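In case you want the letters, here they are:
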Amino acid sequence: WLVGWEFMHRYWMARRALAVLPRWGWLIIPVSETIYHLQKPWPETIAMLAFSLALTPWAIARRNALLPFTAHLIIELELIVFLAIV
């Protein structure tokens, strides 16, 4: 699911959003991800918003989703370790 999530948001949605709104279309991705994370604890939702606001323009400008994917992977692995320890 991680590869699919990052591909959908940083590639597919980014391309479609920029085709419709060339200047501000990228903001659709952080809004979409934040809405999805509203069901989770507030710190996670706020962190996701910050993460998406920072890495979506980065991925679009460089045409490379490797950094967002790697950061997302690290967060998920840390969560697994945290749940295993606590």
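This write-up is about the structure you can find in this document. (Residues numbered from 1 in each chain as written. Predicted model: local features only at pLDDT ≥ 70, side-chain atom pairs only at ≥ 80, totals over all residues. Heavy atoms only, no water.)

**Details of the overall build of the protein**
If you tally the helices and strands in the protein, you get four helices and zero strands. Against the compact-globule benchmark of 12 Å for 86 residues, the protein has a radius of gyration of 13 Å, which places it among compact chains. Summarising its shape, the C-alpha atoms of the protein cover approximately 45 × 25 × 20 Å along the three principal directions. The buried share of the protein, reckoned over its 86 residues, is 29%. Contacts spanning at least 24 positions in sequence make up 47% of the contacts within the protein whose residues lie at least 6 apart. In the form shown here, the protein has an accessible surface area of approximately 6,000 Å², with 74% of it arising from carbon and sulfur atoms. Once the 7 positive and 5 negative side-chain charges of the protein are each reduced to a mean point, those two points are 16 Å apart. (Helix = DSSP H or I, 4+ residues; strand = E, 2+ residues; numbered from the N terminus. Rg over C-alpha atoms; globule rule 2.2 N^0.38 Å. Buried < 20%, exposed > 50% of the residue type's maximum accessible area, 1.4 Å probe, protein only. Contact = heavy atoms within 4.5 Å. Areas by Shrake-Rupley, 256 points an atom, 1.4 Å probe, with all protein chains shown as cover. Lys, Arg positive; Asp, Glu negative; His and termini not counted. Charge placed at Lys NZ, Arg CZ, Asp CG, Glu CD.)

**Re the packing of helix 1 (residues 2–20) against helix 3 (residues 42–62)**
Relative orientation of the contacting elements helix 1 and helix 3 amounts to 65°, with a least axis distance of 11 Å. Crossing of helix 1 over helix 3 shows right-handed handedness. Between helix 1 and helix 3, the contacting residues are Glu6, Arg10, Ala14 and Leu18 on the first element and Met48, Phe51, Ser52, Thr56, Ala59 and Ile60 on the second. Along the lines of polarity and charge, the residues of the contact of helix 1 with helix 3 split into six nonpolar, two polar and two charged. (Axes fitted to C-alpha atoms, helices over the stretch in contact; angles between N-to-C directions. Left-handed = near helix turned anticlockwise from the far one by under 90°. Nonpolar A, V, L, I, M, F, W, Y, C, P; charged D, E, K, R; others polar.)

**Some words on the layout of surface pockets**
Estimated volume of the largest pocket: approximately 380 Å³. Lining the largest pocket are 14 residues, with His37, Glu44, His72, Ile75 and Glu76 positioned closest to its centre. If you list the elements that add at least two residues to the lining of the largest pocket, you get helix 2 (28–37), helix 3 and helix 4 (66–85). Taken as a whole, the second largest pocket encloses approximately 170 Å³ of empty space. Lining the second largest pocket are 13 residues, with Glu6, Phe7, Arg10, Tyr11 and Ala65 positioned closest to its centre. Those elements that provide at least two residues to the lining of the second largest pocket are helix 1 and helix 3. The greatest single-element share of the lining of the second largest pocket, amounting to seven residues, is contributed by helix 1. (1 Å grid on protein atoms, 1.4 Å probe; cavity = no way out; pocket = protein on both sides within 12 Å on 5 of 7 lines; lining within 4 Å. Points joined across faces, edges and corners; volume = space filled by probe spheres on them.)

**Overview of the nonpolar core**
Grouped together as the largest cluster of nonpolar side chains are five residues: Met13, Ala14, Trp26, Ile29 and Ile60. Look past the residues within four positions of Ile29 in its chain and what remains in contact with it is His9, Arg10, Met13, Ala14, Ser52 and Thr56. (Core = buried A, V, L, I, M, F, W, Y, C linked by side-chain atoms within 4.5 Å.)

**Quick notes on the packing of helix 3 against helix 4**
Between helix 3 and helix 4, the least distance of the axes is 8 Å, while the angle of their chain directions is 150°. With respect to helix 4, the element helix 3 is oriented roughly antiparallel. Only Leu67, Pro68, Ala71 and His72 of helix 4 make contact with helix 3, whose side of the interface consists of Phe51, Leu55, Trp58 and Ala59. Here the residues of the contact of helix 3 with helix 4 sort into seven nonpolar, one polar and no charged. (Parallel < 35°, antiparallel > 145°, perpendicular 65-115°, else oblique.)

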